[in-house]
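# Architecture and fold: a report
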Protein chains: 2
Amino acid sequence: MTSKVGRRGGEADTRGDILRAGREHFARGYSDATVRAIARAAGVDPSLIVQFYGGKDGLFRAVIADAVKPESIQPVVEGGREGIGRRLAAWFFELWEAPERRYPFQALLLSAASHPPAAELLREFVTDEIVARVASVSRRKDARLRAELAGSHLIGTALTRYVYQIPPLSEVPTPELVRRVGGAIDGYLLGPVVRSSRRRRTR
Amino acid sequence: MTSKVGRRGGEADTRGDILRAGREHFARGYSDATVRAIARAAGVDPSLIVQFYGGKDGLFRAVIADAVKPESIQPVVEGGREGIGRRLAAWFFELWEAPERRYPFQALLLSAASHPPAAELLREFVTDEIVARVASVSRRKDARLRAELAGSHLIGTALTRYVYQIPPLSEVPTPELVRRVGGAIDGYLLGPVVRSSRRRRTR
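What comes next is a walk through the structure. For every chain, the first residue of its written sequence is number 1, and the numbers climb from 1 along that sequence. Labels follow written order: the first chain is A, the first ligand is 1, and so on. Given that this is a predicted model, residues contribute local features only at a pLDDT of at least 70 and side-chain atom pairs are listed and counted only at 80 or more, while totals for whole chains, interfaces and linings are drawn from all residues. Heavy atoms from the whole structure form the basis of all side-chain values; hydrogens and water molecules are not counted.

## A word on the packing of helix α6 (residues 84-97) of chain B against helix α10 (residues 174-190) of chain B
How two helices pack is summed up by the angle between their axes together with the distance between the axes. Residue and element names in this part refer to chain B. Note the cut-off: Helix axes are fitted only over the stretch in contact, all axes being lines through C-alpha atoms; the angle between N-to-C directions runs from 0 to 180 degrees. Where helices and strands are cited, they refer to DSSP runs of H or I of at least four residues and of E of at least two residues respectively, numbered from the N terminus. Throughout, the term roughly parallel applies to angles under 35 degrees, roughly antiparallel to angles over 145, roughly perpendicular to angles from 65 to 115, and oblique to all others. Put simply, a crossing is left-handed when the front helix is turned counterclockwise from the back one by less than a right angle, and right-handed when it is turned clockwise. Contacts between residues were defined by any pair of non-hydrogen atoms, one from each residue, lying within 4.5 Å. Asp, Glu, Lys and Arg are counted as charged, while Ala, Val, Leu, Ile, Met, Phe, Trp, Tyr, Cys and Pro are counted as nonpolar; the rest, among them Gly, fall into the polar class.
Running from N to C, α6 and α10 point in directions that differ by 130°, and their axes come no closer than 7 Å. Relative to α10, α6 is oriented oblique. The two elements α6 and α10 meet at a crossing, and its hand is right-handed. Facing Ile 84, Gly 85, Arg 86, Leu 88, Ala 89, Ala 90, Phe 93 and Glu 97 of α6, the residues of α10 in contact are Thr 174, Leu 177, Val 178, Arg 179, Val 181, Gly 182, Ile 185, Asp 186, Leu 189 and Leu 190. Taken together, the residues of the contact of α6 with α10 sort by class into 11 nonpolar, three polar and four charged.

What follows is the structure, given as structure tokens:
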């Protein structure tokens, strides 16, 4: 297993090869993937993965970010409140319909249920990358909770449709699904204030 | 490993012991559980599990039905359309808050992502036991799709709250969660007709 470093066109190519190999290995689950096996598949020395990504967790994070592209929520959110539900739903289901984007994210969702490092990564990712961006739409004190309810709804729908494949939800055309789910997302993000059960801190 | 059959009070006790042992073993995942290990834990001969439940799949089905108690949706649904969203959400989150009910269902959701027999069982269970009952509320041609959207939403919320434990959703008091999610469920079950993308078959 000789390292190919030095025979490459450049660091960008090598990073790309590592990401692709990581995507394939992580798609089968977080726990079974190893830096050594990913390095072998990418044709690089394992130390390069540590150097570029800090190790297995860092690479997993990079694979997820590359698949989900959370920064692409920004234009969806900046499109304004009108139609935000449908735009978010369309953004999310598009991610699930591209296999090379779907499988890493699906692996994260499934691994997070049993592997604490994957769970920590999912929490950070959802909180910092997704909820923070989507919350900017609703301009309310409970904006983060609203964004997370919308996100958890999308996750449940994607699991039922793409992973469990339960009809009729698995068979409805995507545009119709976007219309239906978009309404519920609008309700969460823009709907009337819901009385809290806890007293909030006085400001 | 002597069989305890004959030393028991009766068949009901034995069935209960098998269900309890099955619940514990399946909670760690569908694929790793074996009839032999469950029989050992229950103190019975493996052939009794085959006799009572038909084997591993049948026992898993019985464990799930015992945990989820889908027949208890019936009174929720029969309470009428007013407040149906909140009643269904309360029913569902109550299931997740009782560990002995939560873990078997959680195991089904996670196992179904990677094990075809568990996936088939989840599809049957959701379709026959949950969707069929909940669909009776909405009295529309697309009632099953509406019920499944509501159910997939509940599943996503439960995963985010109880399995991934992502705040603030994991920290909000249950009654507040029920109020918020109930509104979205009402929207799915009772909301206005959504234009379909496909032409429906002429009747």
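## Structural notes on the packing of aromatic side chains
Filter applied, for reference: Think of it this way: a Phe, Tyr or Trp ring, Trp meaning its six-membered ring, pairs with another when their centres are within 6.5 Å, and the plane angle makes it stacked under 30 degrees, edge-to-face over 60, tilted otherwise. Under the scheme applied here, a residue whose accessible area is under 20% of the maximum for its type counts as buried, over 50% as exposed, and between as partly exposed, the area being computed with a 1.4 Å probe on protein chains only. For a Lys NZ or an Arg CZ to count as sitting over a ring, it must be within 6 Å of the ring centre and within 35 degrees of the ring normal.
Enumeration over the complete set of coordinates arrives at 22 aromatic pairs over all chains. Where Tyr 30 of chain A meets Phe 60 of chain A, the ring centres are 5.0 Å apart and the plane angle is 45°; that geometry is what we call tilted. Taken as a pair, Tyr 30 of chain A in the loop between α1 (11-26) and α2 (35-42) and Phe 60 of chain A in helix α4 (residues 56-68) lie far apart in primary sequence, 30 residues in all. Here Tyr 30 of chain A and Phe 60 of chain A have matching classes, each one buried. On the numbers, 6.5 Å between centres and 40° between planes, the contact of Phe 93 of chain B with Tyr 162 of chain B is tilted. Note that Phe 93 of chain B is positioned in helix α6 and Tyr 162 of chain B in helix α9 (residues 143-163), a separation of 69 residues in sequence. Note on Phe 93 of chain B: relative accessible area 0%, which makes it buried. One aromatic cluster in this structure is built from Trp 91, Phe 92, Phe 93, Trp 96, Phe 105 and Tyr 162 of chain A. Lying across the ring of Tyr 53 of chain A, Arg 15 of chain A places its NZ or CZ 5.5 Å from the centre. Looking at Lys 56 of chain A, its charged tip hangs above the ring of Tyr 30 of chain A, at a distance of 4.4 Å from the centre.

## Describing helix α7 (residues 99-111) of chain B
Residues and elements named next belong to chain B. What counts here: An expected span of 1.5 Å times one less than the residue number is assigned to each helix.
Across its 13 residues, α7 extends 18 Å between first and last C-alpha, which sits within 8% of the 18 Å expected from 1.5 Å per residue. Taken residue by residue, α7 has Arg 101, Arg 102, Pro 104, Phe 105, Gln 106, Ala 107, Leu 108, Leu 109 and Ser 111 as its buried positions. Looking at the packing, one finds that the buried side of α7 touches α1 (11-27), α4 (56-68), α6, α8 (116-135) and α9.

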